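Now for the letters of each chain:
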Amino acid sequence: MNTPGQKLGGDQREALRATVQQRIQGRLEFLYGAAVAARVAKRIMRLTETHKQLRSRSVIGPYWTHKDIVLITYGDSIQSPTQPPLQTLRTFLGRHLPEEFSMVHVLPFFPWSSDGGFSITDFRAVNPELGTWEDIAALEESYDLVIDLVLNHCSRENLWFIDYIAGQEPACDYFIEVDPAENLSMVTRPRSTPVLSGVRTHRGLRHVWTTFSNDQIDMNYSNPEVLLEFIDILLYYVRRGARMIRLDAVAYLWKQIGTSCIHLPQTHEVVRLFRDVLSLVEPGALLMTETNVPHQENISYFGAGDEAHVVYQFSLPPLLLHAVFTQSVEHLKTWARSLESMQLPDGCTFLNFTASHDGIGLRPLEGIVPQREIDSMLEAMRERGGYISTRRNSDGTETPYELNISYFDAFRSTRPELSQWHVPAFLLSQIIALSFKGIPAVYIHSLTATPNDTLGVERSGLTRAVNRRKWDRGELEGLMANRESETGRVFRAYKHLLQIRRRQQAFHPDAAQRVLDMEEGVFALQRTAIEGEQCIIALFNCTPKQKNISRDRLPDGIEAWRELIGEAEFTLDGKTLTLPPYAACWFSNQ
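(A) How the structure looks around the overall build of the protein. Looking only at helices and strands, the protein has 16 helices and 25 strands in total. Its C-alpha atoms give the protein a radius of gyration of 24 Å, near enough to 25 Å, the size a compact globule of 590 residues would have. Across the 590 residues of the protein, 60% fall into the buried class. Residue pairs at least 24 apart in sequence account for 71% of intrachain contacts in the protein once pairs closer than 6 positions are excluded. Of the roughly 23,000 Å² of accessible surface on the protein, 47% is carried by carbon and sulfur atoms. When the 61 basic and 71 acidic side-chain charges of the protein are each reduced to a single mean position, those positions are 2 Å apart.

(B) Region of the structure containing the sheet that holds strand S15 (residues 398-404). Strand order in the open sheet formed by three strands is S13-S15-S14, and the pairing between neighbours is antiparallel. The two strands at the open ends of the sheet, each matched to only one other strand, are strand S13 (360-361) and strand S14 (387-392). Pairing geometry for S13 and S15, over two bridges, is antiparallel. Looking at the pairing, Gly361 lines up with Glu402 of S15.

(C) Summary view of the packing of aromatic side chains. Counting across every chain of the model gives 28 aromatic pairs. Ring centres of Tyr63 and Trp64 lie 5.4 Å apart, and the angle between their planes is 40 degrees; this geometry places the pair in the tilted category. Residue Tyr63 is classed as buried on the basis of its relative accessible area, which comes to 8%. Its relative accessible area of 3% is what places Trp64 among the buried residues. Summarising the aromatic geometry, the rings of Tyr164 and Phe175 are spaced 5.6 Å apart at their centres and angled 65 degrees between planes, so their arrangement reads as edge-to-face. A residue pair is termed long-range when its members are at least 10 positions apart, and Tyr164 in helix H5 (residues 159-166) and Phe175 in the loop between H5 and strand S6 (196-201) qualify at 11 residues. In terms of burial, Tyr164 and Phe175 fall into one category: buried.

(D) Layout of the pattern of salt bridges. A complete count under the given rule lists 37 salt bridges for this structure. Between Asp358 and Arg468 there is a salt bridge, with the nearest N and O atoms lying 3.3 Å from each other. Taken as a pair, Asp358 in the loop between strand S12 (349-352) and S13 and Arg468 in the loop between helix H14 (454-460) and strand S17 (471-472) lie far apart in primary sequence, 110 residues in all. With relative accessibility at 8%, the residue Arg468 sits in the buried group. Several salt bridges share partner residues, and in doing so they unite Arg23, Arg27, Glu269, Arg272, Asp276, Asp306 and Glu307 into one network.

(E) Structural context of helix H11 (residues 371-383). In a regular helix each residue adds 1.5 Å, so 13 residues correspond to 18 Å; H11 covers 19 Å between its end C-alpha atoms and thus fits that length. Buried within H11 are the following residues: Ile374, Met377, Leu378, Ala380 and Met381. Along the long axis of H11, the arc covered by the buried residues comes to 160 degrees, so they all point the same way. Exposed side of H11, more than 90 degrees from the buried face: Arg372 and Glu383 are the residues found there. Elements that come into contact with the buried residues of H11 comprise helix H9 (316-326), S14 and S15.

(F) Highlighting the packing of helix H2 (residues 34-54) against helix H6 (residues 224-239). Relative orientation of the contacting elements H2 and H6 amounts to 15 degrees, with a least axis distance of 10 Å. Considered as vectors, H2 and H6 are oriented roughly parallel to each other. Seen along the crossing, H2 lies across H6 with a hand that is right-handed. Facing H2, whose interface residues are Val36, Arg39, Val40, Arg43, Ile44, Leu47, Thr48, His51 and Leu54, H6 presents Pro224, Glu225, Leu228, Ile231, Asp232, Leu235, Tyr236 and Arg239. Per-class residue counts for the contact of H2 with H6 are 10 nonpolar, two polar and five charged.

(G) Looking closely at the packing of helix H3 (residues 85-96) against helix H4 (residues 133-140). Interaxial distance between H3 and H4 falls to 9 Å at its minimum, and their mutual angle equals 15 degrees. In terms of axis orientation, H3 runs roughly parallel to H4. Handedness of the H3/H4 crossing: left-handed. In this structure, H3 uses Leu86, Gln87, Leu89, Arg90 and Leu93 to contact H4, whose residues at the interface are Asp135, Ile136, Ala138 and Leu139.

(H) Local environment of the sheet that holds strand S19 (residues 522-528). Spatially, S18-S19-S20-S25-S22 is the arrangement adopted by the five strands of the open sheet, whose pairing is antiparallel. Unpaired on one side and paired on the other, strand S18 (512-515) and strand S22 (562-563) mark the two borders of the sheet. As defined by bridge partners, S22 adjoins strand S25 (residues 584-588) across two bridges and the pair is classed as antiparallel. Looking at the pairing, Arg562 lines up with Ser588 of S25. Contacts between helix H10 (residues 330-340) and the sheet are confined to S18 and S19, with S18 contributing the most and set at about 145 degrees to the helix.

(I) Highlighting the pairing of S19. Among the seven residues that make up S19, six are buried, leaving the element largely enclosed by the rest of the structure. Counted along the chain from S18 to the antiparallel partner S19, the turn is six residues long, and its residue Gly521 has a positive phi close to 90 degrees. Of the pairings in the sheet, the one linking S19 to strand S20 (residues 535-541) comprises seven bridges and is antiparallel in character. Considered in S20, the bridge of Leu525 is made with Ala538. The loop that links S19 with its antiparallel partner S20 comprises six residues; one of these, Gly532, has a positive phi angle of about 85 degrees.

(J) Region of interest: the environment of Pro555. Relative to the helices and strands, Pro555 is located in the loop between strand S21 (547-550) and S22. Judged by relative accessible area, which is 21%, Pro555 ranks as partly exposed. In this structure Pro555 touches Ile537 and Trp561, once residues within four positions along its chain are discounted.

(K) Up close: helix H16 (residues 486-501). Between its first and last C-alpha atoms H16 spans 22 Å; for 16 residues at 1.5 Å apiece the expected length is 22 Å, and the two agree. All buried positions along H16 are accounted for by Thr487, Gly488, Val490, Phe491, Ala493, Tyr494, Leu497, Leu498, Ile500 and Arg501.

(L) Representation of the nonpolar core within the structure. The biggest cluster of nonpolar side chains holds 178 residues, and the ones touching the most others in it are Phe274, Phe523 and Trp586. A per-element tally of this core places H6 first, with 11 residues. Core analysis: the second largest hydrophobic core is formed by 16 residues, Val522, Leu539, Ile558 and Phe587 among them.

The rules behind the values
Residues numbered from 1 in each chain as written. Predicted model: local features only at pLDDT ≥ 70, side-chain atom pairs only at ≥ 80, totals over all residues. Heavy atoms only, no water. Helix = DSSP H or I, 4+ residues; strand = E, 2+ residues; numbered from the N terminus. Rg over C-alpha atoms; globule rule 2.2 N^0.38 Å. Buried < 20%, exposed > 50% of the residue type's maximum accessible area, 1.4 Å probe, protein only. Contact = heavy atoms within 4.5 Å. Areas by Shrake-Rupley, 256 points an atom, 1.4 Å probe, with all protein chains shown as cover. Lys, Arg positive; Asp, Glu negative; His and termini not counted. Charge placed at Lys NZ, Arg CZ, Asp CG, Glu CD. Pairing = 2+ DSSP bridges. Phe/Tyr/Trp six-rings, centres within 6.5 Å; stacked < 30°, edge-to-face > 60°. Salt bridge = Lys/Arg side-chain N within 4 Å of Asp/Glu carboxyl O. Expected span 1.5 Å × (residues − 1). Arc of directions from axis to C-beta. Axes fitted to C-alpha atoms, helices over the stretch in contact; angles between N-to-C directions. Parallel < 35°, antiparallel > 145°, perpendicular 65-115°, else oblique. Left-handed = near helix turned anticlockwise from the far one by under 90°. Nonpolar A, V, L, I, M, F, W, Y, C, P; charged D, E, K, R; others polar. Core = buried A, V, L, I, M, F, W, Y, C linked by side-chain atoms within 4.5 Å.

Right, here's the structure in full:
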């Protein structure tokens, strides 16, 4: 088990520092050449020393344990008229979820101009409409924090871009100017918008690189001053309490005309460099990459154990939805089996989630689910109030990129006679995600069974707003207290599940995982603790029909094992185990 917080003697610290400095200089030579590397390396080392001296605490202990579960939320997902949103969030968590989560990912809480916080105008400030750095520190007293480093781009309203327009140093060279006559057809596009946006400067009309929107201006990492700026911001967030740093949209970081401009070797080298820097200032801090791309591309950000500590499990959300929608687990099972053959580097794991502030990525299904099955599922999701966003291909065509829908409503049948299975089917998807190897993460709107926010889409004009509702705390708590409401049923069941899961050593992120063969429509995992003897058999009926599992598919002596969830009745007659519709169970030998 990786334990990064071990104390080192003086000679050991100096030896480590010298080794890491040599690695950093080598990475800089790869990025910028030898002439520039030595100068930039010295500045980076000075930054690490400054931030380390200002650091008020260090993380002691392993990277993660079986108790780690992440809550994903905006700073203002829950609001009240009597407190700033960050204080309201802390009050809500303290009252209703004091021990269910070890870590809270507060989505970008900085001043911003668009895209729900991801067009940042000031990277070192807290949005005053949410609260203050003191409110962030108060949250950190109870939970480890995940903070976003939105390093690919900034807002048009950021002072750096204002200085660029005016030609002021150093920011006049922070952005990427491209002649619109250049052939950019090879550039991978995550959106259907143009890759370049026109802007009027003191030098006249110029065109700058904008991967995501014309309000999100891409940074020029071929300029080492930009890299230094973001290393300083990275370390500032760690000083402010970040246990994990989420590298937003990192795959598009480095641009080189004539290439796809995604996953370039320079991008991977920057991620490695960030990890080196963290090892000097806070060895217990974690890097997490956000790369909503096909599975093999996604896991490339583990590198050789020298890049991200944590990688989002992007194929899991659409595969779970597909399995329950089609009542077939074959694609989910095949994909999960492929994970068994992966030998993750030491100190690396997945973040398992079903929903987030973004939609459900569709590219992670490429090569896993046939396109005709994806198209059928998307048509059904439109009937449930979902939206499909597209991306532009190199030939000018557009293909589906993301499904925007409340994950809760994605499981709501359009047939009234099947409405009784809505909550059970949704909860089944959540329990499967909680069972996978890695660290589980729960979006606050899954916890509260939030339906599609169509009004939010109408107000903002953004389809992603369908899954970003702002709850009034009084209204939310009223629904939670109503045992018959969907919110009350889901919240109570979810909280119970989280409490159970945090007690099981077999759910440690590093505990072994094996996919078991079961009857059609039944998905099964075996998790085995890395220490001790606990084994958990997780069984999931992904259909609205009762399933009978043959006894010979189950471990010997399972009759004496304890079923941990206890939400359904199971009959084991010596020959078969009977699973009711959408049943989920965790059988533990302890």
